[in-house]
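The primary structure of each chain is shown beneath.
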Amino acid sequence: MTDNLGKARWLAVLVPAALLGGAYLSQYGFGLNPCEMCWWQRYPHFAALALGLAAFKLKPPQVWTALAGLAILTSGLIGGFHAGVEYGWWEGITACSAPPSGTDLFNFDAATVIRCDVAPWTLFGISLAGFNFLISSLSGAAIVALAAYRK
């Protein structure tokens, strides 16, 4: 279990599980509802979790592990784009970056829009999307590298 592939397989399961757990804890425990781009970041983690688990059962495990690492890296890149939108470096998608329009109190669809261009929480100036970018990009690249390198 001390070989690089063993480490990569465990990372391919633990990283997306921890990040999804954190996302759901922030949503249901602290009321930080996800915007559309937040959801986009979760989808590759679901795929990575399934691929990481498959790496323990299916052959060749290097391929399944590397695919999980690429899925994690994909989430990180989406997180980087989302963080750039939150920091005002570039424009995001119009559907969730525009404030609700109108003053109709009965327009429930507009009232439930969670804006993608506003970070609801930061730590040291880094938003949740920024943390996802940092953690997922580094760990995804490490998983791919460990899966590819044999002792």
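These numbers were taken from a predicted model, which means no experiment stands behind them. (Residues numbered from 1 in each chain as written. Predicted model: local features only at pLDDT ≥ 70, side-chain atom pairs only at ≥ 80, totals over all residues. Heavy atoms only, no water.)

Peer 1: Give me the packing of helix α1 (residues 4–29) against helix α3 (residues 61–86): which residues, what numbers.
Peer 2: Contact geometry of α1 with α3 gives a least axis separation of 9 Å together with a crossing angle of 40°. Judged by the sense of rotation from one axis to the other, the crossing of α1 with α3 is left-handed. Contacts between α1 and α3 pair Leu5, Ala8, Arg9, Ala12, Val15 and Pro16 from the former with Pro61, Gln62, Thr65, Ala68 and Ile72 from the latter. Each residue belonging to the contact of α1 with α3 can be placed in one class, and the counts come to eight nonpolar, two polar and one charged. (Axes fitted to C-alpha atoms, helices over the stretch in contact; angles between N-to-C directions. Helix = DSSP H or I, 4+ residues; strand = E, 2+ residues; numbered from the N terminus. Left-handed = near helix turned anticlockwise from the far one by under 90°. Contact = heavy atoms within 4.5 Å. Nonpolar A, V, L, I, M, F, W, Y, C, P; charged D, E, K, R; others polar.)

Peer 1: Provide a residue-level description of the side chain of Glu86, including the pertinent values.
Peer 2: Within the secondary structure, Glu86 is located in helix α3. Since its relative accessible area comes to 12%, Glu86 is described here as buried. If sequence neighbours within four positions are ignored, Glu86 has contacts with Cys116, Asp117, Val118, Ala119, Pro120, Ser127 and Ala129. (Buried < 20%, exposed > 50% of the residue type's maximum accessible area, 1.4 Å probe, protein only.)

Peer 1: So what's going on with the packing of aromatic side chains? Residues and values would help.
Peer 2: Scanning all chains against the criterion turns up seven aromatic pairs. When the ring of Tyr24 is compared with that of Trp39, the centres are 6.5 Å apart and the planes differ by 70°; the resulting orientation is edge-to-face. Of this pair, Tyr24 sits in helix α1 while Trp39 sits in helix α2 (residues 36–54); the two residues are 15 residues apart in sequence, bridging distant segments of the chain. Among the aromatic residues, ring-to-ring pairing joins Tyr24, Tyr28, Trp39 and Tyr43 into one connected group. In this structure, Arg42 packs its charged tip against the face of Trp39, placed 4.5 Å from the ring centre. (Phe/Tyr/Trp six-rings, centres within 6.5 Å; stacked < 30°, edge-to-face > 60°. Lys NZ or Arg CZ within 6 Å of the ring centre and 35° of its normal.)

Peer 1: An account of the packing of α1 against α2 is needed here, citing residue identities and associated values.
Peer 2: Closest axis-to-axis distance for the α1/α2 pair is 8 Å, and the angle between their directions is 145°. When you trace α1 past α2, the crossing you get is left-handed. Across the interface between the two elements, Ala12, Val13, Pro16, Ala17, Leu19, Leu20, Ala23, Tyr24 and Gln27 of α1 pack against Trp39, Arg42, His45, Phe46, Ala48, Leu49, Gly52 and Leu53 of α2. Grouping the constituent residues of the contact of α1 with α2 by class yields 13 nonpolar, three polar and one charged.

Peer 1: Quick one: what's the story with the confidence of the model for the chain, residue by residue and with numbers?
Peer 2: Of the residues in the chain, 85% reach a pLDDT of 70 or more, and the chain-wide mean stands at 83. No element of the chain has a lower mean pLDDT than helix α5 (residues 108–111), at 54, and none a higher one than α2, at 93. (pLDDT = per-residue confidence, 0-100.)

Peer 1: Break down the layout of surface pockets for me, with residues and values.
Peer 2: There is about 590 Å³ of room inside the largest pocket. Around the largest pocket, the lining comprises 29 residues; the ones closest to its centre are Ala23, Ser26, Cys38, Leu128 and Ala129. Of all elements in the fold, only α1, α2, α3 and α6 (128–148) reach the threshold of two or more residues within the lining of the largest pocket. Partitioning the lining of the largest pocket into residue classes produces 19 nonpolar, seven polar and three charged. (1 Å grid on protein atoms, 1.4 Å probe; cavity = no way out; pocket = protein on both sides within 12 Å on 5 of 7 lines; lining within 4 Å. Points joined across faces, edges and corners; volume = space filled by probe spheres on them.)

Peer 1: Mind laying out the nonpolar core, listing which residues take part and the relevant values?
Peer 2: Of all hydrophobic cores here, the largest spans ten residues; its members are Ala8, Ala12, Val15, Ala48, Leu51, Ala68, Ala71, Ile72, Ile143 and Ala147. Elements represented by at least two residues in this core include exactly α1, α2, α3 and α6. Setting aside its immediate chain neighbours within four residues, Val15 contacts Ile72 and Ser139. (Core = buried A, V, L, I, M, F, W, Y, C linked by side-chain atoms within 4.5 Å.)

Peer 1: Lay out the environment of Phe81 with the relevant residues and their values.
Peer 2: Positionally, Phe81 belongs in helix α3. Linking Phe81 and Met37, residues 44 residues apart in sequence, is a C-alpha distance of 9.0 Å. Residue contacts for Phe81: discarding those within four places in its chain leaves Met37, Trp90, Glu91 and Gly92.

Peer 1: Please give an account of α3 that cites residues and values.
Peer 2: The α-helix advances 3.6 residues per turn, and as a result positions three or four apart in sequence lie on the same side. The end-to-end C-alpha distance of α3, which contains 26 residues, comes to 37 Å, matching closely the 38 Å that a straight helix rising 1.5 Å per residue would cover. Downstream of α3 by a residue or two, Gly88 has a phi angle that is positive, lying close to 80°. (Expected span 1.5 Å × (residues − 1).)

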